[in-house]
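Architecture and fold: a report
Here are the chains, one letter per residue:
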Amino acid sequence: MPFSVSWRTLLDELDGVPDGATLVTPLSRNRFRITDVQEHRIIIRFENKDQKQPLQRDQFETLYRRISNTSNGFELDRLPPDADPYPAVWSLHPRFEIDEDAGVIIEWEGATSTQLLKAETELEAEDRTEPDLDVYADALLLVDALERHDVATLEDMETDALVNLYTLLSDVQRNANSFRKDVADVLLNRLHHDRPVSGPFGSVQRTTRRNRTLKDDAEVLAALEDAGIDPGRVMSVDRDKVDDALEVTELAESDVYEIDESEYVRKAEVDDEVKETRLQGLKEQLAATEGEEAQELRQEIVDLEDRIDELTSFRTGAEVHE
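Residues numbered from 1 in each chain as written. Predicted model: local features only at pLDDT ≥ 70, side-chain atom pairs only at ≥ 80, totals over all residues. Heavy atoms only, no water.

Another aspect to go through is the nonpolar core. Soluble globular proteins tend to pack their nonpolar side chains together in the buried interior. If you look at the biggest cluster of nonpolar residues, it comprises 30 residues, and the most contacted ones within it are Leu 10, Leu 14, Ile 42, Phe 60, Val 89 and Trp 90. Mapped onto this core, the elements with two or more residues apiece are helix 1 (3-15), strand 3 (41-46), helix 2 (57-68), helix 3 (85-90) and strand 6 (96-99). Per-element tally for this core: the top contributor is helix 1, with five residues. By size, the runner-up hydrophobic cluster in this structure holds twelve residues, among which are Leu 165, Leu 168, Val 172 and Leu 279. (Core = buried A, V, L, I, M, F, W, Y, C linked by side-chain atoms within 4.5 Å. Buried < 20%, exposed > 50% of the residue type's maximum accessible area, 1.4 Å probe, protein only. Helix = DSSP H or I, 4+ residues; strand = E, 2+ residues; numbered from the N terminus.)

See the structure below:
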């Protein structure tokens with residue numbers, strides 16, 4: 001199919017996009033809106049910037065050619081940093097789709113998905129489901145505990161309240177770390193480049209951690225000896241063997257160890273029955289929240305999100321005039 005035909009189809013699709021609709025770039029996950037559609041360019045504005053950015057027709061054609069010349073899709077991490085919005089806009093075309101897991105934009109014959117985000121009204125209309133996650137239940141209990149006590153002055157709190165708080169913090173930390181690992185495992189397959197990927201609350205980036213583990217002792221010593229290094233220079237005391245020696249001699253532990261004792265708090269046990277009872281009460285309380293009180297809560301959340309955007313955005317004086 002000639003580019004001119006696909007371009008015309010794309011412009012027609014853009015004319016049908018609702019005002020205020022938001023798209024998200026596939027690599028950096030930055031949100032933007034289309035402010036104007038012209039014959040030779042498309043004007044966009046990122047949510048965290050005041051300046052507009054024109055997307056030129058010839059750049060769309062270049063990307064179109066590259067997609068058309070590949071059978072398995074064009075790899076998104078081959079795009080220049082400032083070209084991230086182009087595939088997002090192309091995804092509005094009925095024959096182009098972004099596969100984030102594979103990190104490509106590809107042309108399909110059938111139905112395709114887009115980078116168009118759901119409108120806020122649609123999100124509010126969706127039924128919210130309760131996740132079957134330990135961290136969710138523990139977080140609800142922790143929030144309830146924090147709201148019930150003046151945690152700004154821990155010294156004034158009763159001991160049983162501090163015990164409950166410490167127990168819940170410990171449970172949230174453990175379950176959050178476990179769930180974070182699950183999320184990271186999925187994210188890792190979607191990060192195909194060195195660029196940070198952003199969300200409303202922050203960004204993540206693929207990185208590499210280098211771990212070293214010594215090979216078998218005999219292999220290491222032989223390699224060092226071949227290199228002219230006296231193996232005795234790298235020999236060290238084996239802690240396990242020292243402990244074995246302590247068991248069969250009259251040596252005291254302090255004869256071979258520097259000992260430094262410190263005290264800390266350790267969670268001994270958790271009363272799951274009490275937690276479940278309190279959790280069920282919180283769920284029933286949340287389910288019963290409706291009407292004016294719920295509307296006030298939603299408005300407070302919206303105001304908080306706006307405040308976060310204001311504090312984390314930056315402004316420039318540059319603007320592309322239409």
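Attention now moves to the sheet that holds strand 5 (residues 74-75). Sheet architecture is open: three strands sit in the order 5-7-6, paired in antiparallel fashion. In this open sheet, the two edge strands, each paired with only one partner strand, are strand 5 and strand 6. Of the strands in this sheet, strand 5, strand 6 and strand 7 (104-107) touch helix 2, which is tilted by about 75° from strand 7. (Pairing = 2+ DSSP bridges. Contact = heavy atoms within 4.5 Å. Axes fitted to C-alpha atoms, helices over the stretch in contact; angles between N-to-C directions.)

Glancing now at a nonpolar patch on the surface. Together, Leu 146, Val 151, Leu 154 and Leu 162 give the surface a local cluster of nonpolar side chains, amounting to about 270 Å² of exposed area. Tracing the backbone shows Val 151 in the loop between helix 5 (134-148) and helix 6 (159-188). (Patch = residues over 30% accessible without salt bridge, like charges linked within 9 Å, V, L, I, M, F, W, Y side chains within 5 Å. Areas by Shrake-Rupley, 256 points an atom, 1.4 Å probe, with all protein chains shown as cover. Salt bridge = Lys/Arg side-chain N within 4 Å of Asp/Glu carboxyl O.)

The antiparallel open sheet is built from four strands, whose spatial order is 1-2-3-4. Looking along the sheet, the strands with just one partner apiece sit at the ends: strand 1 (22-24) and strand 4 (52-56). Going from strand to strand, the sheet's axes swing by 40° on average, the running direction of each strand aside. As defined by bridge partners, strand 3 adjoins strand 4 across five bridges and the pair is classed as antiparallel.

Along strand 3, five of the six residues are buried, which leaves the element largely enclosed by surrounding structure. Where strand 2 (residues 31-37) folds back on strand 3, the antiparallel hairpin that results is connected by three residues.

Further remarks concern the packing of helix 1 against helix 2. Direction vectors running N to C along helix 1 and helix 2 enclose 115°, while the axes themselves pass 11 Å from each other. Crossing of helix 1 against helix 2: the hand is right-handed. Taken together, the residues of helix 2 that come into contact with helix 1 (itself represented by Phe 3, Ser 4, Ser 6, Trp 7 and Leu 10) are Arg 57, Phe 60, Glu 61, Tyr 64 and Arg 65. Classifying every residue of the contact of helix 1 with helix 2 by side-chain character gives five nonpolar, two polar and three charged. (Left-handed = near helix turned anticlockwise from the far one by under 90°. Nonpolar A, V, L, I, M, F, W, Y, C, P; charged D, E, K, R; others polar.)

Here the focus is unusual backbone geometry. The backbone of Arg 29 sits at a positive phi, close to 60°, despite the residue not being glycine. Along the polypeptide, Arg 29 turns up in the loop between strand 1 and strand 2. With relative accessibility at 24%, the residue Arg 29 sits in the partly exposed group.

Now for the pairing of strand 7. As paired strands, strand 5 and strand 7 are joined by two bridges and run antiparallel to one another. Paired with Glu 75 across the strands is Val 104, a residue of strand 7. The pairing of strand 6 with strand 7 spans four bridges and is antiparallel. Bridged to Phe 96 within strand 7 is Glu 107.

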